[in-house]
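In case you want the letters, here they are:
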Amino acid sequence: MSDLKGHSQHVVGQGSPVDETMRIAYLKAMGIQPWFLKYQTVIVDDVQPSAAEPEVNAGEESPGIDVGAGIEIANASLEQLQHIVSQCQLCELHASRIHTVFGSGKADADLLIIGEAPGEDEDAQGESFVGQAGQLLNAMLQAIDLDRQVVYLTNVIKCRPPENRNPHISETICCDPYLQRQIELVKPKLILALGRVAAQHLLMSQDNLGEMRGKQHSYNGIPLIVSYHPAYLLRKPVEKRKSWQDLQRVKQIINSSF
Ligand code: URA
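Residues numbered from 1 in each chain as written. Predicted model: local features only at pLDDT ≥ 70, side-chain atom pairs only at ≥ 80, totals over all residues. Heavy atoms only, no water.

Trainee: Would you mind going over the pairing of strand β9 (residues 222-227) with me for this structure?
Mentor: Across a regular strand the side chains alternate sides, sitting on one face of the sheet and then on the other. β9 sits mainly inside the fold: six of its six residues count as buried. Here β9 shows no split at all, with Ile222, Leu224 and Val226 on one side and Pro223, Ile225 and Ser227 on the other all buried. The sheet contact formed by strand β7 (residues 190-194) and β9 spans four bridges and is parallel. The partner of Ala193 across the bridge, within β9, is Val226. Here strand β8 (residues 216-219) runs beside β9; their pairing, made up of four bridges, is antiparallel. Pairing of Ser218 across the sheet is with Pro223, part of β9. The antiparallel pairing of β8 with β9 creates a hairpin that spans two residues between the two strands, and Asn220 there sits at a positive phi of about 45°. (Buried < 20%, exposed > 50% of the residue type's maximum accessible area, 1.4 Å probe, protein only. Helix = DSSP H or I, 4+ residues; strand = E, 2+ residues; numbered from the N terminus. Pairing = 2+ DSSP bridges.)

Rendered as structure tokens:
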């Protein structure tokens, strides 16, 4: 645990950088074997993509997924990765899901927004941030002249936890290779982590949200900002003021990176 605490306190500049070596050290400190490093080939079955799948690059030709052949997560395109995720049965959440919720938006967005997990509406529709929290997120984006078509939205885990409970660490670990590959493919200029679960996972930290927000962190060299989850803001509107400050910072970073 002391290693783990040490990682969360690695401070360079104003925030904490995370790289692959730290990620693996963190998993080891948690007593978790980073098995996914050994098993990066996922065999996909001959199952038709779900109705919700074509959300990424809709209208483009199918990438011609070689059904039945091994597709390496490390080499998958976004569409291939979405297909792999749609077949995933690595944790128990697959049994209760209606849809996997992969992510949507601009495939090469400057801003990647990462939430916690799909809720009921997202599970029903197969798309991230479409419920009440999603409506508020849309309004927040509009306030800084962005809309969801120009950002990329996803979650740490791709299946809904029953009763919207917090994801278990084993579930976030199972989904982590998918998220890492999404980040690699989208190559955002900035990551916005919404809520404690997303921020702690991405920063491999046990700090609370108040300690993580208001700083600029980095994830594999990509600037990362932490802010309140819109679902929390719906319950505690008084925090919208601080969320607005975070959004201003988001806007500033995106504008300055051109
Ligand atoms: N909350 C999240 O974290 N993600 C969603 O997609 C919806 C609600």
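Trainee: Where do I start with the environment of Lys240 in this structure?
Mentor: By the secondary structure assignment, Lys240 is in helix α11 (residues 240-256). Taking the C-alpha atoms as reference, Lys240 lies 9.5 Å from Met140; in sequence the two are 100 residues apart. Not counting the four nearest positions on each side in its chain, Lys240 is found in contact with Leu136 and Leu233. (Contact = heavy atoms within 4.5 Å.)

Trainee: What is the right way to look at unusual backbone geometry in this model?
Mentor: Glycine aside, residues mostly have negative phi angles, and peptide bonds mostly take the trans form. The backbone of Asn164 shows a phi angle near 55°, a positive value even though the residue is not glycine. By the element assignment, Asn164 lies in the loop between β6 (152-155) and α7 (169-186). Given a relative accessible area of 43%, Asn164 falls into the partly exposed group. In this model, Met204 sits at a positive phi of 50°, which is unusual for a non-glycine residue. Mapped onto the elements of the fold, Met204 is located in the loop between α8 (196-203) and α9 (209-212).

Trainee: Would you mind going over the pattern of salt bridges with me for this structure?
Mentor: Counted according to the given criterion, the structure contains nine salt bridges. A salt bridge links Arg165 to Glu92, with the nearest nitrogen and oxygen atoms 3.6 Å apart. Residue Arg165 is located in the loop between β6 and α7, and its partner Glu92 is located in the loop between α3 (78-87) and α4 (93-96); the two are separated by 73 residues in the primary sequence. Here Lys189 and Asp110 are joined by a salt bridge, their closest N and O atoms 3.4 Å apart. One end of the pair, Lys189, is in the loop between α7 and β7; the other, Asp110, is in the loop between β4 (104-105) and β5 (111-115), with 79 residues separating them in the sequence. Here the residues in one salt-bridge network are Glu92, Arg165 and Glu171, joined through shared partners. (Salt bridge = Lys/Arg side-chain N within 4 Å of Asp/Glu carboxyl O.)

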